[in-house]
Amino acid sequence: MKLALLAVILSSFISLTTPDDSVTIARKARDRGDVKTLQAEITKAEKSLEKTKSLDDYIRLALFYNWMCEAAESSNNRGMVKEAAQAGIAVAEKAVELNPTSSQAHQLLADLLGQLAPNVTGGGMKYGQRSVNEADKAIELDPKNAEAYVTRAISYLYTPEAFGGNKQKALEFFSKAKELDPQADSPRIWLALFYLEAGKLNDARREINEARRLNPERKFAQFVYEQVSASKK
Amino acid sequence: MRLLNARFLFLLSALTLVVMLLNSPRIEDSADAASREIYLFELQQEESLDAIVRNDFFAGMMGDKVRLERGMKYCEDILAKNPKHAEALVWHGGGLLVRAVHAYTSGDNKTGDKLWNKGIEEMNHAAALEPQNIRVKIGRSATLIGYAQSGWDPSDTQSRVLLESALLDYEAVYRWQKPNFRDIPIHSRGELLFGLASGWSILGNENKTSEYLRLILKECKNSPYEVKARRWLAKKWPLVIQHDCIGCHV
């Protein structure tokens, strides 16, 4: 009886969950690498989308798939990263179609293409340039979109120089993202990675410590922190 | 967590394709001076196809569609007269991959897939037509290793088979070139051996990866290749060797 009551209370709580709550839950699940919770939020977002077909719901679902990629990576599940990226790309493409002037929609599409590329044979060749183009478009539409600068910076960092890669530009774009959103942990995590690869360990340590202070739960930050700590020795 | 490797080598890391023009074929052990002369003469004649189309294809890889189409047309004219011209086929197959990349970039995955598969098919056909042609072997292997470097799905069995065959062909190229390996430009030596180290690392073969990295220390002494190889050898397995073409002229 008590269990049944608890179930009723829980289900009514779930049904009262607002989109904002859902984003908070999903973000925390991404941080902890909690694939199960993220999957539940994705299912809810899909149901909501079926009813509304709204741009906001497409963007929210694409965002959750993008976060699922990170959560799946934290458990080394490449198959799941690939599936989430593919599903997310389809949703982000729809969002772009619905509103071609949405910077966030272009940024999510860019990021999801970037997530897919390393998990498909020849993926960099197939999806790399499109990801770059989408990120450029996101920045053009909203020059204050910090996430878009992070996405573009990652491309600059990992693209061979002959094909437009540029380490200096990567640093510039990560720094710009940090400047635009000083409370965001992502630009700092990537800056730490950048500095780590450049052998600037003090800078790497400073950035990753700040990222962990801003968001102590994120496994990605923990992973980078461990890399930085290992390099110190 | 694999995030450090997750977004490696965007775009056409098939820069290794460049190897196909820089690895001049070498004669085998048994060749005497006379056959070497004949060989070099024939080589001069044969080089015309590479010389004519190479810059157009590389411009195409960099996004110049007009020049890509010019190179493709040249190959198509050859193939219209001789559909079994293996070198024209391998170049044409590579060109189809570039066309595929353009289609993917525009968001047309269906056309991209079609062109991609056709390009691979042509390269495989070229290799089957002339299994002893070193240019065809290098062209096909460099392309297959290059695209595997730009992204890899370990559950993709077809790609695994292709990559293995590309690596075995690259090993054959090394064996053929071995007697004169030191005479080959450092760029060609380094790219060939790094291609082998990278490809075997993608397939998870630690012994072969390590073998080729050590060979780079020996064969590419006092070069940037040696420095890079030492860095990779210092890292812990498992790893995927990521290599950008050094000193590439593209």
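This one's a predicted model, so the numbers in the text were calculated from it and none came from an experiment.

We now examine the overall build of chain A. In terms of helices and strands, chain A carries 12 helices and 0 strands. When the elements of chain A are put in sequence order from the N terminus, they spell out α-α-α-α-α-α-α-α-α-α-α-α. For chain A, the C-alpha radius of gyration of 18 Å lies close to 17 Å, the compact-globule estimate for 233 residues. Principal-axis analysis of the C-alpha atoms places the extent of chain A at approximately 60 × 45 × 35 Å. The proportion of buried residues among the 233 residues of chain A is 51%.

All names here are of chain B. Where helix 10 (residues 206-219) contacts helix 11 (residues 224-233), the axes come no closer than 8 Å and their chain directions differ by 150 degrees. Judged by the twist between their axes, the crossing of helix 10 over helix 11 is left-handed. Touching Leu213, Ile216 and Leu217 of helix 10 are Tyr225, Glu226, Ala229, Arg230, Trp232 and Leu233, all from helix 11. For the contact of helix 10 with helix 11, the class distribution of residues is 7 nonpolar, no polar and 2 charged.

Residues and elements named next belong to chain A. With 14 residues, helix 2 (residues 19-32) should reach 20 Å at 1.5 Å per residue; the first-to-last C-alpha distance of 20 Å fits that figure. The set of residues buried in helix 2 consists of Ala26, Ala29, Arg30 and Asp31. Just past helix 2, the residue Gly33 takes up positive phi, approximately 70 degrees.

Looking now at the nonpolar core. One recurring pattern in soluble globular proteins: nonpolar side chains tend to sit buried together. Residue and element names in this part refer to chain A. Counting 121 residues, the largest nonpolar core has Ala62, Ala153 and Ala192 as the members making the most contacts within it. Take this core: its biggest share by element is 12 residues, from helix 4 (residues 55-74). For Ala192, the residues in contact, after removing those within four places along its chain, are Ala204, Glu207, Ile208, Ala211, Val224 and Val228.

Predicted coordinates in regions of low pLDDT should not be interpreted in detail. When pLDDT is averaged along chain B, the result is 82, and 78% of the positions lie at 70 or above. Across the whole predicted complex the pTM is 0.85, and at the interface the ipTM reaches 0.84.

Attention now goes to the environment of Leu38(A). Residues and elements named next belong to chain A. Secondary-structure assignment places Leu38 in helix 3 (residues 35-52). On the neighbour-count criterion, Leu38 (26 C-beta atoms within 10 Å) is buried. Leaving out residues up to four positions away in the same chain, Leu38 has contacts with Ala26, Ala29, Arg30, Phe64, Trp67, Met68 and Ala71.

The rules we used
- Residues numbered from 1 in each chain as written.
- Chains lettered and ligands numbered in written order.
- Predicted model: local features only at pLDDT ≥ 70, side-chain atom pairs only at ≥ 80, totals over all residues.
- Helix = DSSP H or I, 4+ residues; strand = E, 2+ residues; numbered from the N terminus.
- Rg over C-alpha atoms; globule rule 2.2 N^0.38 Å.
- Buried ≥ 20, exposed ≤ 12 C-beta atoms within 10 Å, placed from the backbone.
- Axes fitted to C-alpha atoms, helices over the stretch in contact; angles between N-to-C directions.
- Left-handed = near helix turned anticlockwise from the far one by under 90°.
- Contact = placed C-beta atoms within 7 Å.
- Nonpolar A, V, L, I, M, F, W, Y, C, P; charged D, E, K, R; others polar.
- Expected span 1.5 Å × (residues − 1).
- Core = buried A, V, L, I, M, F, W, Y, C linked by C-beta atoms within 7 Å.
- pLDDT = per-residue confidence, 0-100.

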